[in-house]
Amino acid sequence: GEDVEQSLFLSVREGDSSVINCTYTDSSSTYLYWYKQEPGAGLQLLTYIFSNMDMKQDQRLTVLLNKKDKHLSLRIADTQTGDSAIYFCAESRNSGNTPLVFGKGTRLSVIA
Amino acid sequence: GAVVSQHPSRVICKSGTSVKIECRSLDFQATTMFWYRQFPKKSLMLMATSNEGSKATYEQGVEKDKFLINHASLTLSTLTVTSAHPEDSSFYICSASALPAPGGYTFGSGTRLTVV
């Protein structure tokens, strides 16, 4: 079955880089996503990557995908206190047609 | 970008009453909507998938008679929690999809339901 795993906690100092890791089991995954959730709020799409890509960069965010190892990572450069949140990794086979499968989320704490 | 409006953001109701949560796609037509439930410090649990004009598909373990989902138009889906009990207290989030688009999943801001 489908499964997405993430470490639960990460703590970094302000200004450092954060790397959040995710592994998934479904080799049919077509799209992989990173969402951010702040307390009491919904999910904000940060970025996504198509399975035929290895890397995608968008400002402070860099996504790396190792399809062979089914490993996805999100790097946040120059982490700020406003980046403190829960980050969810998710995957899907089709975009929009099937529901996302989420990891349990990684709680990122940024220490000033 | 695509926006999904979810209301109410917070609701407190008495046991035995019903609560309706609305999810609207504001600037696109949502062919498919998903309803999730999130327990404190937990991931999102998919409750059901609804396609406009047809019956929702519920995940195993989700009572369809308790969690009524209606997707009568391409811009509106509702989740009604019937005869609510304290154990139904949770954070409910909807997600709408407009094919085709790689980033086609847009989430509402969530509804915090507290049943007293």
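Residues numbered from 1 in each chain as written. Chains lettered and ligands numbered in written order. Predicted model: local features only at pLDDT ≥ 70, side-chain atom pairs only at ≥ 80, totals over all residues. Heavy atoms only, no water.

Undergrad: Mind laying out the interface of chain A and chain B, listing which residues take part and the relevant values?
TA: Often, the extent of an interface is quoted as the loss of accessible area on bringing the components together. If you look at the interface, chain A gives 23 residues, while chain B gives 22 residues. In this assembly, chain A and chain B are joined by zero salt bridges. Counting every contact that joins chain A to chain B gives five residue pairs in polar contact (both at pLDDT 80 or more). Of all the secondary structure elements, the ones that give two or more residues to the side of chain A that touches chain B are β4 (31–37), β5 (43–50) and β9 (85–92) of chain A. Ranked by the residues each element gives to the side of chain A that touches chain B, the list is headed by β4 of chain A, at four residues. Per-class residue counts for the side of chain A that touches chain B are eleven nonpolar, ten polar and two charged. (Contact = heavy atoms within 4.5 Å. Salt bridge = Lys/Arg side-chain N within 4 Å of Asp/Glu carboxyl O. Polar contact = N/O pair within 3.5 Å; in protein donor to acceptor, adjacent residues only side chain to side chain. Helix = DSSP H or I, 4+ residues; strand = E, 2+ residues; numbered from the N terminus. Nonpolar A, V, L, I, M, F, W, Y, C, P; charged D, E, K, R; others polar.)

Undergrad: Which residues make up the sheet that holds strand β1 (residues 4–7) of chain B, and what values go with them?
TA: All names here are of chain B. On the basis of which strands lie adjacent, the open sheet formed by four strands has the order β1-β3-β8-β7 and antiparallel pairing. Here the strands that pair on one side only, and so sit at the sheet edges, are β1 and β7 (67–73). Sheet twist, expressed as the mean angle between neighbouring strand axes with direction ignored, is 15°. As paired elements, β7 and strand β8 (residues 76–81) share five bridges and run antiparallel to each other. (Pairing = 2+ DSSP bridges. Axes fitted to C-alpha atoms, helices over the stretch in contact; angles between N-to-C directions.)

Undergrad: Lay out the environment of Lys41 of chain B with the relevant residues and their values.
TA: Looking at where Lys41 of chain B falls in the secondary structure, it is placed in the loop between β4 (32–38) and β5 (44–51). For the pair Lys41 of chain B and Ser83 of chain B, spaced 42 residues apart in sequence, the C-alpha separation works out to 25 Å.

Undergrad: Tell me about the state of the cysteines, and please be specific about residues and values.
TA: Chemically, a disulfide is nothing more than a covalent bond linking the sulfur atoms of two cysteines. Counting across every chain of the model gives two disulfides over all chains. Through a disulfide, Cys22 of chain A is tied to Cys89 of chain A; the S-S separation comes to 2.0 Å. Judged by the sign of its S-S torsion, about -70°, the bond between Cys22 of chain A and Cys89 of chain A is left-handed. Taken together, the positions of Cys22 of chain A in strand β3 (residues 18–24) and Cys89 of chain A in strand β9 put the pair 67 residues apart, joining distant regions of the chain. Here Cys22 of chain A matches Cys89 of chain A in class, with each residue buried. The residue that forms a disulfide with Cys23 of chain B is Cys94 of chain B, at a sulfur-sulfur distance of 2.0 Å. Since a negative S-S torsion denotes a left-handed disulfide, the Cys23 of chain B-Cys94 of chain B link at about 80° is right-handed. (Disulfide = S-S within 2.5 Å. Buried < 20%, exposed > 50% of the residue type's maximum accessible area, 1.4 Å probe, protein only.)

Undergrad: An account of unusual backbone geometry is requested, with residue identities and associated values reported.
TA: Residues and elements named next belong to chain B. In this model, His7 is joined to Pro8 through a cis peptide bond whose omega is -5°. Considering the arrangement of structural elements, one finds Pro8 in the loop between β1 and β2 (10–13). You will see that Ser83, though not glycine, has its phi angle at about 45°, which is positive. Its place among the elements puts Ser83 in the loop between β8 and β9 (90–97).

Undergrad: Outline the environment of Arg24 of chain B, listing residues and values.
TA: Residue and element names in this part refer to chain B. Inspection of the secondary structure assignment puts Arg24 in strand β3 (residues 19–25). By relative accessible area, Arg24 is classed as partly exposed at 35%. C-alpha of Arg24 to C-alpha of Glu59: the two residues are 35 residues apart in sequence and 22 Å apart in space. Residues contacting Arg24, with those up to four places away along its chain left out, are Val3, Val4, Ser5, Thr75 and Leu76.

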